[in-house]
Amino acid sequence: MWYRACQTCNKKVTDAIGSGYWCEGCQKNDDECSLRYIMVVKVSDASGEAWLSVFNDQAERIVGCSADELDKLKSQMGEENLFQQKLKEATWVPHLFRISVAQHEYMNEKRQRITARAVAPIDFAAESRFLLEEISKMKASQ
């Protein structure tokens, strides 16, 4: 769901010998790192469903908090599990996705990699206006 990242370059860090974290990208040791989302989520609409790769900025919009904040909720064990509650709140919430699709081959099998590039809440009024304009154009062209 997330990985430990360098606060300078956002690349993955590893535990350093002794203490702290080692960033291969910056070639330096740091005492602290940040958590960044990397998730695969299943999305669906009337046409079907797909698995999307979602990275930090888009995942924060979906979940509603940063990976660091969600990790703090996970470590708080109380009567109610706030971590699970936060994830349930993000489930079945409609969003508008801008995606990119890349095709690659693995073991002589072609696959699609679908990545979310932008995520926004649905503006139902704007979407309705857009659909009405499209219907008007279709009627005018007949």
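Now for a look at the structure at hand. Bear in mind the structure is a predicted one, so any value in this text is a computation, not a measurement.

If you tally the helices and strands in the protein, you get 4 helices and 8 strands. Taken from the N to the C terminus, the helices and strands of the protein come in the order β-β-β-β-β-β-α-α-α-β-β-α. In terms of C-alpha radius of gyration, the protein reaches 20 Å, well past the compact-globule figure of 14 Å for 142 residues. The principal-axis extents of the C-alpha atoms in the protein amount to approximately 75 × 50 × 30 Å.

To continue, consider the environment of Thr-91. Turning to its location among the elements, Thr-91 is positioned in the loop between α3 (82-89) and β7 (95-106). Separated by 28 residues in sequence, Thr-91 and Val-63 have C-alpha atoms that sit 8.6 Å apart. A distance of 3.0 Å separates a polar side-chain atom of Thr-91 from the backbone oxygen of Leu-87.

What follows covers helix α2 (residues 67-75). Among the residues making up α2, those that are buried are Ala-67, Leu-70 and Leu-73. Buried residues along α2 cover an arc of 115° about the axis, so they all sit on one side. Every exposed residue of α2 that faces more than 90 degrees away from the buried side is listed here: Lys-72 and Ser-75. Taken together, the buried residues of α2 touch β1 (2-5), β5 (34-45), α1 (56-63) and α3.

The subject of this paragraph is the sheet that holds strand β4 (residues 28-30). With antiparallel pairing, 3 strands are arranged side by side in an open sheet as β2-β3-β4. Edge positions in the sheet fall to β2 (13-15) and β4, since each has one partner strand and no second. Within this sheet the neighbouring strands show an average axis-to-axis angle of 35°, counted without direction. Bridge count between β2 and strand β3 (residues 21-23): 3 bridges; the pairing is antiparallel. Residue pairing across strands places Thr-14 opposite Trp-22, the latter belonging to β3.

Turning next to the nonpolar core. Of all hydrophobic cores here, the largest spans 17 residues; its most connected members are Tyr-37, Met-39, Leu-52, Val-54, Val-63 and Leu-70. Within the residue set of this core, elements represented by two or more residues are β5, β6 (48-55), α1, α2 and β8 (109-121). Ranked by residue count, the leading element in this core is β5, at 4 residues. Excluding residues within four positions of it along the chain, Val-63 makes contact with Tyr-37, Met-39, Leu-70, Lys-86 and Ala-90.

With that out of the way, let us pick up the pairing of β6. For β5 and β6, the ladder comprises 8 bridges, and the chain directions are antiparallel. By the bridge assignment for β6, Met-39 is matched with Val-54. Once β5 ends, the chain turns through 2 residues before running back antiparallel as β6.

Glancing now at unusual backbone geometry. Of note in the backbone geometry, Asn-10 takes a positive phi value of approximately 65° without being a glycine. With respect to the element layout, Asn-10 can be found in the loop between β1 and β2. Using a relative accessible area of 32% as the deciding quantity, one classes Asn-10 as partly exposed. You will see that Trp-92, though not glycine, has its phi angle at about 65°, which is positive.

Reading guide: rules and limits
- Residues numbered from 1 in each chain as written.
- Predicted model: local features only at pLDDT ≥ 70, side-chain atom pairs only at ≥ 80, totals over all residues.
- Heavy atoms only, no water.
- Helix = DSSP H or I, 4+ residues; strand = E, 2+ residues; numbered from the N terminus.
- Rg over C-alpha atoms; globule rule 2.2 N^0.38 Å.
- Polar contact = N/O pair within 3.5 Å; in protein donor to acceptor, adjacent residues only side chain to side chain.
- Buried < 20%, exposed > 50% of the residue type's maximum accessible area, 1.4 Å probe, protein only.
- Arc of directions from axis to C-beta.
- Contact = heavy atoms within 4.5 Å.
- Pairing = 2+ DSSP bridges.
- Axes fitted to C-alpha atoms, helices over the stretch in contact; angles between N-to-C directions.
- Core = buried A, V, L, I, M, F, W, Y, C linked by side-chain atoms within 4.5 Å.

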